[in-house]
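The residues making up each chain are set out below.
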Amino acid sequence: MIDISKFWEIVKLANWGVASKSKDWKSGKMTVQRTLRRELTTVEDLKSFQETFYVLKNKLGRTITQFERKNAEQCGTGDDSFGDLCCHIVGLGQEVYEAELAAPLLAVRRAQRGDYVESFGYCIPDENLYSLEGQIAAEKNRLRDKILRNLEKELGEQILATMNKYGELADIENGWLEHAVSSASRTALVQFVQRKPQG
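Before going into details, it helps to say that this report is about the structure given with it. (Residues numbered from 1 in each chain as written. Predicted model: local features only at pLDDT ≥ 70, side-chain atom pairs only at ≥ 80, totals over all residues. Heavy atoms only, no water.)

## Notes on helix α5 (residues 79–91)
Residues lying three or four places apart along an α-helix face the same way, a consequence of the helix completing one turn every 3.6 residues. For clarity, the threshold we go by: In this description a helix means any DSSP run of H or I spanning at least four residues, a strand means any run of E spanning at least two, and both kinds are numbered starting from the N terminus. Helices are assigned an expected span. That span is 1.5 Å times one less than the residue count. Relative accessibility decides the category of a residue: with a 1.4 Å probe and only protein chains considered, values under 20% of the type maximum give buried, values over 50% give exposed, and everything between is partly exposed. The criterion used for residue contact is that any of the two residues' heavy atoms lie within 4.5 Å.
Helix length check: α5 (13 residues) gives 18 Å between terminal C-alpha atoms against 18 Å at 1.5 Å per residue, within 8%. Most of α5 is tucked away, with ten of its 13 residues classed as buried. Here α5 has its buried residues at Phe-82, Gly-83, Asp-84, Leu-85, Cys-86, Cys-87, His-88, Ile-89, Val-90 and Gly-91. In this structure, the buried side of α5 is in contact with α1 (4–14), α2 (16–19), α4 (43–70), α6 (94–102), α7 (104–112) and α8 (120–123). Positive backbone phi, approximately 110°, marks Gly-93, located one or two places after α5.

Here it is as structure tokens:
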């Protein structure tokens, strides 16, 4: 599993407490998901994060359930909503989670007043997303290579046409024109290759 301090650091960066209160719930969810995707750079990172998340969520769920069995206070939620409650509390971060784990009545009262939303768990990226992103990146590289080959061909044809047009001058200047045109084309190619891909 992921180091627990690293887990809580990533959860804090996701800022679910703010996103969950957004009027545009879908937009808030996507913001959290983008943050998690940025921090969880590999499938291994994702799986490690998920494993820790579910361990914490289930531990909280068991603690709340045990409290309900021994006390009159009840969450009054169905199974799905109870899961959303536990996910929400994990998403709020280490301080809130540990406080409500230690005093489950806080979680029960949260459920009673409806102070939770669906669902931090849905914001964790799907493993298939990583595979899809890899396919997109490979296709972008393939297209860039194709464009580069075409550009090299076009520049070569332009250089040849220029030399044919000014061949006599090039001979007189001892190859100066050939050097200038070739240098310019190489510079253009280098700038194209080094350019940061968009998207």
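Once you've had a look at it, read on.
## Quick word on α6
For clarity, the cut-off: In this context, the arc is that of the directions from the helix axis out to the C-beta atoms.
What α6 keeps buried is the set Tyr-97, Glu-100 and Leu-101. Projected down its long axis, α6 carries its buried residues within an arc of 105°, all on one side. Relative to its buried face, α6 has exposed residues pointing more than 90 degrees away, namely Glu-95 and Ala-102.

## Let's talk about the packing of α1 against helix α3 (residues 25–39)
To keep things clear, this is the line we draw: Convention adopted: a line fitted to C-alpha atoms gives each axis, helices being fitted over their contacting stretch, and angles between N-to-C directions are expressed from 0 to 180 degrees. For any pair of crossing helices, the crossing counts as left-handed if the nearer helix is rotated counterclockwise from the farther one by less than a right angle, and right-handed if it is rotated clockwise. Note that Gly is not counted as nonpolar here; it falls among the polar residues with everything else outside the nonpolar set of Ala, Val, Leu, Ile, Met, Phe, Trp, Tyr, Cys and Pro and the charged set of Asp, Glu, Lys and Arg.
Close contact between α1 and α3 brings their axes to 8 Å; oriented N to C, the two are set at 145°. Our pair here, α1 against α3, has a crossing hand that is right-handed. Here Ile-10, Leu-13 and Ala-14 of α1 come into contact with α3, specifically with Val-32, Thr-35, Leu-36 and Glu-39. Residue classes in the contact of α1 with α3 are distributed as five nonpolar, one polar and one charged.

## Topic: the environment of Leu-85
Inspection of the secondary structure puts Leu-85 in helix α5. Put simply, Leu-85 and Gly-114 are 29 residues apart on the chain and 8.9 Å apart in space, counted from C-alpha to C-alpha. Excluding its chain neighbours within four sequence positions, the residues that come into contact with Leu-85 are Ile-64, Cys-75, Ala-107, Arg-110, Ala-111 and Tyr-116.

As far as function goes, none of this settles anything; it's purely spatial.
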